[in-house]
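# A structural walkthrough
Letter by letter, the chains look like this.
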Amino acid sequence: MQLIVCDSYEEMSTKAADIIGALISEKNDCTLGLATGSTPVGTYRELARRCAQQSLSFSKVCTYNLDEYVGLGPDSDQSYVYFMRDNFFSHIDIDLSNTHLPDGLCADIDAECRRYSDALAALSGGLDLQLLGIGINGHIGFNEPDDIFIPDTHCVELTQSTIEANARFFQTPDEVPRRALTMGVRPIMRAKTVLTLVNGAAKAPILKQALQGPITPHVPVSLLQLHENAIFIADREAAALL
Ligand code: PGA
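Notes on the structure in this doc start here.

To continue, consider the overall build of the chain. Helix and strand content of the chain: seven helices and 10 strands. Taken against the 2.2 N^0.38 rule, which gives 18 Å for 242 residues, the C-alpha radius of gyration of the chain at 17 Å falls within 12% of a compact globule. The C-alpha extent of the chain, read off along each of the three principal axes, is 45 × 40 × 35 Å. Within the chain, the fraction of its 242 residues that count as buried is 55%. Long-range contacts, defined as pairs at least 24 residues apart, comprise 79% of the intrachain contacts of the chain with a sequence gap of at least 6. A total of about 10700 Å² of accessible surface is found on the chain, and carbon and sulfur atoms cover 50% of it. The chain carries 18 positive and 31 negative side-chain charges, and their two centres are separated by 5 Å.

Residues in close proximity to the ligand include Gly37, Ser38, Thr39, Gly133, Ile134, Gly135, His139, Arg168 and Lys203, which together make up its full environment. The separation between an oxygen atom of the ligand and a polar side-chain atom of Arg168 is 2.8 Å. Contact between the ligand and Lys203: an oxygen atom at 2.8 Å from a side-chain N or O atom of the residue. Burial of the ligand by the surrounding chains reaches 84%, relative to a free accessible area of 280 Å². Applying the majority rule of atoms within 2 Å of the grid points places the ligand in the largest pocket. Residue classes in the shell around the ligand are distributed as one nonpolar, six polar and two charged.

Formed by 45 residues in total, the largest nonpolar core has its most connected members in Leu32, Phe58, Phe88, Leu195 and Ile233. Within the residue set of this core, elements represented by two or more residues are strand E1 (2-6), helix H1 (9-26), strand E2 (31-34), helix H2 (41-52), helix H3 (80-87), strand E6 (129-132), strand E9 (193-198) and strand E10 (230-235). Excluding residues within four positions of it along the chain, Ile233 makes contact with Ile4, Cys6, Met12, Lys15, Ala16, Ile19, Leu195, Thr196, Leu197 and Val198. Membership of the second largest hydrophobic core comes to 30 residues, among which are Cys62, Tyr64, Tyr116 and Leu127.

Following the criterion strictly, the structure yields eight aromatic pairs and no others. Measuring from ring centre to ring centre gives 4.8 Å for Tyr69 and Tyr80, while their planes differ by 40°; the resulting arrangement is tilted. Taken together, the residues Tyr69 in strand E4 (residues 67-69) and Tyr80 in helix H3 connect sequence positions 11 residues apart. Comparing Tyr69 with Tyr80 shows no difference in burial state: the two are buried. Centre to centre, the rings of Tyr69 and Phe170 are 5.8 Å apart; their planes meet at 75°, and the pair counts as edge-to-face.

Scoring rules and cut-offs
Residues numbered from 1 in each chain as written. Predicted model: local features only at pLDDT ≥ 70, side-chain atom pairs only at ≥ 80, totals over all residues. Heavy atoms only, no water. Helix = DSSP H or I, 4+ residues; strand = E, 2+ residues; numbered from the N terminus. Rg over C-alpha atoms; globule rule 2.2 N^0.38 Å. Buried < 20%, exposed > 50% of the residue type's maximum accessible area, 1.4 Å probe, protein only. Contact = heavy atoms within 4.5 Å. Areas by Shrake-Rupley, 256 points an atom, 1.4 Å probe, with all protein chains shown as cover. Lys, Arg positive; Asp, Glu negative; His and termini not counted. Charge placed at Lys NZ, Arg CZ, Asp CG, Glu CD. Near = heavy atom within 4 Å. Polar contact = N/O pair within 3.5 Å; in protein donor to acceptor, adjacent residues only side chain to side chain. 1 Å grid on protein atoms, 1.4 Å probe; cavity = no way out; pocket = protein on both sides within 12 Å on 5 of 7 lines; lining within 4 Å. Sits in = over half its atoms within 2 Å of the grid points. Nonpolar A, V, L, I, M, F, W, Y, C, P; charged D, E, K, R; others polar. Core = buried A, V, L, I, M, F, W, Y, C linked by side-chain atoms within 4.5 Å. Phe/Tyr/Trp six-rings, centres within 6.5 Å; stacked < 30°, edge-to-face > 60°.

Below, the structure written as structure tokens:
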């Protein structure tokens, strides 16, 4: 496991963009696992800037997002499909048909989970890189703290802590969906590189547990201690307790 500590959010975002950019330069048709939330926004902004300068092209890149709220679709500005278009896809030269998220509006949740799991399982060699943020409760994607690790795509009841953390994106906490579809831990662990970004003092306790605590499904991110190529990039505030 590699830990890179940066002075600022901007530096963290630039370093993450360097790693993703280097991968795309090496393999222009690579497959990326992507995340939503505040943490990766700076990375997406920096990658879009490089794409606008034509130093980077996503024209052959394929993406799979971690998760989506149940009941929200592309027309809802709180959905993750909307977030990805708004923050990233509409600013780069990616072919939208190469971008994938679980369908929050699906009629049959079990069938949708199977479809998404099958698509990820069919990637030969797995994702080239999975980008992650972490929740203050240690979740990755919406793999919430639990007694077990769940390998494949599944529907989760969001924990109270996640609902409260995500309420800032909604008018009222009551509007936060209670359920989400999330990639399980198998495709994350199968990714060739897992790049986890962590910033801000609020994440310092969970980053310490993630890197220095026991490997436990009660802190899902701790599983990355077993990954052969896990890179954490943290700002000084998040790394303060290490
Ligand atoms: P954040 O969310 O980037 O908005 O802090 C991270 C997460 O919940 O995974």
